[in-house]
Amino acid sequence: MRVLTPEDMASALDRVGYLADEGLSTAAYLAVRMGRPLFCEGEPGTGKTALASALASALDVELVRLQCYEGIDATQALYEWDFPRQLLELRAGTSVESIYSRRFLLARPLLRALESPCVLLIDEIDRADDEFEAFLLEILSENAVTVPELGEIRAAVPPLVVLTSNRTREVHDALKRRCLYHWLDHPSLDRELAILRKRLPEVGERLAIQVVNAVRRLREMELLKPPGVAETIDWAAALIALGRESVDVATAALTLGAVLKYREDTDRVVAAGLDALLAG
């Protein structure tokens with residue numbers, strides 16, 4: 001689809017269930033218009049990964065995801081040769097030159113992203129090491145890679161790249177300069193209510209307000225993992241599944257596992273008082 005303005009981008013994302021504020025929809029629009037990667041930082045659960053998925057749906061292209069982790073290297077991200085198939089071909093009498101053709105090359109996420117129009121999600125880049133960052137910077141700058149046995153593979157249509165970071169470490173300036181930058185914060189109360197109603201149209205007004213207010217109070221506590229929007233939706237869905245139109249202390253105690261993911265966090269919230277969490 002054609003996205004001509006930031007408002008078009010906001011509408012396109014809205015149609016696939018992602019409610020972006022003006023700042024984020026503008027950043028996404030500029031990434032598309034300028035052909036620049038979009039670097040998204042923010043607390044876990046603020047919608048960074050979901051943005052990439054929504055962009056792929058809104059633009060009607062494939063989502064290719066590269067999940068970063070400590071120790072990831074170029075082979076795992078780019079390509080590797082299918083050695084078992086090559087060995088079988090050699091045993092069948094195929095020449096060595098013939099087995100180094102594209103059909104024996106296993107495309108990993110970065111190569112897949114260069115070979116077809118897509119949104120490329122490079123998730124949690126802050127978990128990768130410096131060497132991988134430098135390698136990634138080269139790929140993003142050129143939108144091409146050289147396979148020694150085959151030559152250069154260049155993207156006919158460069159992917160729309162979304163990089164995410166939870167800021168467990170600082171990403172190098174060289175990579176950030178290559179990108180447009182946007183910080184995603186937890187949504188405002190009104191926007192979170194709108195997101196909840198969008199994702200769970202069956203949620204009642206009273207329950208929606210209770211859940212959103214309670215989750216916002218949880219974020220103000222010193223928890224190991226403050227809940228994100230996904231947890232807001234999960235908690236409301238759990239309460240709906242139990243047939244609740246509102247949440248009381250007893251029901252909250254039974255369903256905290258939908259919104260809190262660490263025992264220490266649950267113990268802290270219970271000790272502070274569930275009645276205080278649900279007050280108002």
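The sections below set out a description of the structure shown in this document. (Residues numbered from 1 in each chain as written. Predicted model: local features only at pLDDT ≥ 70, side-chain atom pairs only at ≥ 80, totals over all residues. Heavy atoms only, no water.)

A few words now on the packing of helix α1 (residues 6-15) against helix α3 (residues 48-59). At a minimum axis separation of 9 Å, α1 and α3 run at an interaxial angle of 100 degrees. Judged by the angle between their axes, α1 and α3 are roughly perpendicular. Residues M9, A12 and L13 of α1 pack against L51, A54, L55 and A58 of α3. Each residue belonging to the contact of α1 with α3 can be placed in one class, and the counts come to 7 nonpolar, no polar and no charged. (Axes fitted to C-alpha atoms, helices over the stretch in contact; angles between N-to-C directions. Helix = DSSP H or I, 4+ residues; strand = E, 2+ residues; numbered from the N terminus. Parallel < 35°, antiparallel > 145°, perpendicular 65-115°, else oblique. Contact = heavy atoms within 4.5 Å. Nonpolar A, V, L, I, M, F, W, Y, C, P; charged D, E, K, R; others polar.)

Here we take up the packing of aromatic side chains. Counted according to the given criterion, the structure contains 3 aromatic pairs. Seen in terms of ring centroids, F132 and F135 are 5.7 Å apart; in terms of plane orientation they differ by 45 degrees. Their pairing is tilted. Placement of both F132 and F135 in helix α8 (residues 130-142) is noted, with a separation of 3 residues, approximately one turn of the helix. For the residue pair F132 and F135, the accessibility class agrees, reading buried in each case. (Phe/Tyr/Trp six-rings, centres within 6.5 Å; stacked < 30°, edge-to-face > 60°. Buried < 20%, exposed > 50% of the residue type's maximum accessible area, 1.4 Å probe, protein only.)

All right, on to the nonpolar core then. Core analysis: the biggest nonpolar cluster contains 35 residues, and L110, I122, I125, F132, L136 and L163 have the highest contact counts within it. Residue assignment for this core shows that the elements contributing at least two residues are β2 (62-67), β3 (79-81), α7 (109-115), β5 (118-123), α8, β6 (144-147) and β8 (160-165). With 5 residues, the top contributor of residues to this core is α8. Sequence-distant contacts of L163, that is, excluding residues within four places in its chain, are made with P37, L38, F39, C40, I122, L136, L140, L175 and C179. (Core = buried A, V, L, I, M, F, W, Y, C linked by side-chain atoms within 4.5 Å.)

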